[in-house]
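Architecture at a glance
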Amino acid sequence: MEKTLSFAGVHFTVAFLVGYLMTGSVWVGGALALVEPACNTVAFHLHEKVWKRIERRRAAAAASRDEAHLAT
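Residues numbered from 1 in each chain as written. Predicted model: local features only at pLDDT ≥ 70, side-chain atom pairs only at ≥ 80, totals over all residues. Heavy atoms only, no water.

Some details on helix 2 (residues 26-71)
Put simply, the rule is: Starting at the N terminus, helices and strands are each numbered in turn, a helix being any DSSP run of H or I of at least four residues and a strand any DSSP run of E of at least two. Working rule for helices: expected span equals 1.5 Å times residues minus one. For the exposure calls, accessible area comes from a 1.4 Å probe over protein chains only, and a residue counts as buried if that area is under 20% of its type's maximum, exposed if over 50%, partly exposed in between. We call two residues contacting when some pair of their heavy atoms lies within 4.5 Å. Any pair of nitrogen or oxygen atoms within 3.5 Å is treated as a polar contact; in protein, a donor-acceptor pairing is required on top of that, and neighbouring residues in sequence qualify only through side-chain atoms on both sides.
Taking 1.5 Å as the rise per residue, helix 2 with 46 residues should run 68 Å; its terminal C-alpha atoms sit 67 Å apart, in good agreement. When we look at burial in helix 2, the residues that qualify are Gly29, Ala33 and Pro37. As for helix 2, its buried residues are in contact with helix 1 (2-23). Measuring from the backbone nitrogen of Trp27 back to the side-chain oxygen at the start of helix 2 gives 3.2 Å, which picks out Ser25 as the cap.

Structural data, given as structure tokens:
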């Protein structure tokens, strides 16, 4: 959990600095630091769901190939 919180702190800081350095606005940097990590979290969750589905399909295909190989 400590590593996760540490990474979140780094993520928020980077998002703030990028927004601030690109615009010179503390408000834009702050808004970006809040919005971008939140969007990224949702995107990561969806990515994980898709990736798990791909892994399940690969495992099922491998098991099917193994069964076919054993039957011959």
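Let's talk about the packing of aromatic side chains
Each aromatic ring pair is characterised by the separation of its centres together with the angle its planes make. Put simply, the test is: Centre distance within 6.5 Å is the pairing criterion for rings of Phe, Tyr and Trp, where only the six-membered ring of Trp is used; planes under 30 degrees apart are then read as stacked, over 60 as edge-to-face, and the remainder as tilted.
Under the counting rule described, the total for this entry stands at one aromatic pair. Between Phe16 and Tyr20, the aromatic rings sit 6.0 Å apart at their centres with planes inclined by 5 degrees, giving stacked as the arrangement. Residue Phe16 and its partner Tyr20 are both found in helix 1; the two are separated by four residues, about one turn of the helix. A residue is classified by how much of its surface remains accessible, and Phe16, at 26% relative accessible area, is partly exposed. The exposure class of Tyr20 is partly exposed, given its relative accessible area of 33%.

A look at a nonpolar patch on the surface
Rule in force here: Residues enter patches when their relative accessible area tops 30% and they take part in no salt bridge; the joining distance is 9 Å for like charges and 5 Å for the nonpolar side chains Val, Leu, Ile, Met, Phe, Trp and Tyr. For every accessible area listed, the method is Shrake-Rupley and the probe measures 1.4 Å; residues are considered covered only by the protein chains on display. The rule for a salt bridge is simple: a side-chain nitrogen of Lys or Arg has to be within 4 Å of a carboxyl oxygen of Asp or Glu.
A contiguous nonpolar surface patch, about 450 Å² in accessible area, is contributed by Val10, Val14, Val18, Met22 and Leu32. Ranked by residue count, the leading element in the nonpolar patch is helix 1, at four residues. In this structure, Leu32 sits in helix 2.

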